[in-house]
Amino acid sequence: MAFRDVNARRHTGLQQLSSLALAGRTLLGPMKSRKFIVDENTNQSTLISSAVRLIESLDLTSAAGQLLNETIQAQNKEFKTGMSTLLFLVGAWSDAVAECLQQNVPVSAIVSVMSEGLNSCCERAQCLQMSIHDVNKELCSSSIRPNAFRSKSCQIAHESLLNPQIFQCFQKDVSAPEEVISIDSCSHQEDDYNFNKRLVSPLTSFGSVASLVKPVSDKSTSVISGSDVTSNWNKQKLAHSRYFSTLGRSHFLNQQGNLQASLSGPSADPCECCGLGHLAMALSHGNQTSMEMLQSIVAYQQRRAECTGSSQFNIAEITTCCLLGLPESYSCVSPGFVTLLSPEQATVIKYLEDKPLRILLMDGDLTEQYRHLGFNRPRNIRTISEYPSLQESRVGESWLSSTLDILISFEVNLILVKGNACKNLMEGCVASDILVIGSVTRDVLRAFGEVTGAQAVTYLTQLNAACVGSGARVELWKACDGRAVDLAELVPVRITVQGIPLVTAVLTTTVASKLQLIEDQFWTLIYRLHHALSDKKVFLGGGAVELLCLSHIQMLAEQPSQPADKNDVEEFHNPWLAASATEYKSVVLQALASGWKQYLAVIMCNTAKAASVLEARTSVDHHLKKAADCDSPSAYILKEFRRGDLLRGGSDPFAGCEESLNVYDNVTAKTEAWRRALDLVLLVLQTDAEIITDPKRNQLLNSHVSGEFMFL
């Protein structure tokens, strides 16, 4: 990647960080501008909106770029959120540090004062934390009416995206937990048809999905063809773009929401069981589709929790399945495990459907050469064969034959494999009416093991009768209108067991380049809610915390400088370094504050709350002045936040709602993004200071002081 205005003599690492971060400025904020990443080898494009995907797609050949990638990957691995903030602050603080160096501020003073300033900000920001209990109480209170969540542009039907099977699960008598969470009772085709017959009618008003259905000769159930749906869907009048239209979605959700309300009966205040749903909305930052699906999952898990006493929100019980070829309005939440199979494997479903299956769980690869981690092969053993190719063929055939004999002897019908499965073995299993599914996550294996009694094995030689579970059922996955789906290349199927807590978010789109984006956005919101419940507290969002940090840093910078005290001298082990840090404290803190100001200004510009950076900075300065005039800046910010006037404009994510809805952020994820960003900048700063890139490098190499330097 080309770096702009790179000074070849000093601190190239900081300039490289700044240039890399510049590419992600538009990814900041809830109304971020997405980017298309084009693969030069395949010429395929992918739509992205996260810093992780952006950094993964760049050619990072420099050391600073590699460090930036590792930092963002670490944030993503731990939190799945906060990466765009991290990337932006890396660039903003790199520029700020470069300005300090232009003013001849010593590196030691920059490192110490910036670290101290950020620690002070994190402590000061604690006053803007709210407990989950208080947030739920506020969101569900009378001050925010339920209809604010159900206005025309912010329609939130908490269970409108649930697959019809879930409704049937909870229509049973709640006094019997095994019936409430029963999946088997949802698999009867006749019940599904009666329910879905009522569900299809609202759809005809905006595009007659019935006309998109192709009858299947051998069954009464209809099948939706992905190509037919796409071609008919594109004939509708589009609202914004030919690629991203969701025309009719709001009407579809309204109708389904009304249907759900009639099924759930006259029970009560929606806030009784929707506290987490409201919290999910506050954490969604305007991502309405993912928010609606998360609210559906929360409603499902909370109802299970009332019956079984389990956790109200368990991220390990959620998985995703991405379907390409159906409109986004077909996205829904289905109980059990939904996955994609090849058409050859799908032929086994017709034989196994409506039958209780014996299930086997494999904790590894189902191949002949697979060995578990830590396996030590025998030493000093060589195999010599006159016909090696013939010998290998016979060994492979022998393994396939013995493996199939083992599976047939234990009457195994379904195999879930954590890793890869041998292609030849899968073909043999299809011929024997055995379904093999590979690349299954550990959480899915654990969920099936708990309810079926199956025990995961590493090798088939370990298999015994106690390891095989029972009670699983498999069927073709049905869309929200009850039709099975045929996408030609891949066929979605659903595997369930009575009492399994697993749910699958089925994400659909007709745009291939958008598939990864939709999945990333869904998991980001899932983890935001997960971390909020883990922290048991959240930050006020919408720029409130960053504005308080900016106000606090400027207040510290305006304080008169004081001579270095005894503690400062002990910390730096040098009176001159302690005095230097004190002398330049105001300059460094102002540089740190400039990063916060850039952050707020860019967010306002990205969300169209300001026409230019200058206008955004003026608005931020206006709030800073008002906060400084108050006795407590945090009280002013909290007051403006509750009024909905804090850095908020016409492009608010929830601008269409009848009342302003507050936005919240994760505490630990946000503060760790700050710390990681500053730690990376200071690391590169100190590394640059140790590397000599001056034109006089050769002269220094030949001088008598060359032994004092380490040349890299």
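Residues numbered from 1 in each chain as written. Predicted model: local features only at pLDDT ≥ 70, side-chain atom pairs only at ≥ 80, totals over all residues. Heavy atoms only, no water.

A.B. asks: Lay out the packing of aromatic side chains with the relevant residues and their values.
C.D. replies: A ring pair, where both rings are aromatic, is described by two values, the distance of the centres and the angle of the planes. Following the criterion strictly, the structure yields nine aromatic pairs and no others. Each ring, one from W596 and one from W674, has its centre 4.9 Å from the other, and the planes form 75°; the classification is edge-to-face. Taken together, the residues W596 in helix α22 (residues 585–606) and W674 in helix α25 (residues 667–690) connect sequence positions 78 residues apart. Here the two residues W596 and W674 agree in accessibility, since each one is buried. Judged by centre distance (5.7 Å) and plane angle (70°), the ring pair of F641 and Y664 falls under edge-to-face. Of the two residues, F641 is situated in helix α24 (residues 633–643) and Y664 in strand β17 (residues 664–666); the sequence distance between them amounts to 23 residues. Among the aromatic residues, those joined into a cluster by ring pairs are W93, F539, W596 and W674. (Phe/Tyr/Trp six-rings, centres within 6.5 Å; stacked < 30°, edge-to-face > 60°. Helix = DSSP H or I, 4+ residues; strand = E, 2+ residues; numbered from the N terminus. Buried < 20%, exposed > 50% of the residue type's maximum accessible area, 1.4 Å probe, protein only.)

A.B. asks: Run through the environment of Q44, naming residues and quoting values.
C.D. replies: Along the chain, the position of Q44 falls in the loop between β1 (35–38) and β2 (45–48). A residue is classified by how much of its surface remains accessible, and Q44, at 56% relative accessible area, is exposed. With 468 residues separating them in the primary sequence, Q44 and A512 have C-alpha atoms 9.4 Å apart. If we skip the residues at most four places from it in the chain, Q44 touches I37, V38 and D39. (Contact = heavy atoms within 4.5 Å.)

A.B. asks: So, the pairing of strand β8 (residues 337–341): which residues are in play, and what are the values?
C.D. replies: Judged by how many residues are buried, β8 sits mostly within the fold: four of five residues are covered. Strand direction decides the pairing type here: β8 and strand β14 (residues 491–496), joined by five bridges, are antiparallel. Bridged to T339 within β14 is V493. (Pairing = 2+ DSSP bridges.)

A.B. asks: I'd love a proper account of unusual backbone geometry, names of residues and values included.
C.D. replies: Even without glycine at this site, E411 takes up a positive phi of about 55°. Located in the positive-phi region is K536, a residue other than glycine, with phi close to 65°. Among the structural elements, K536 can be located in the loop between α18 (515–535) and β16 (537–540).

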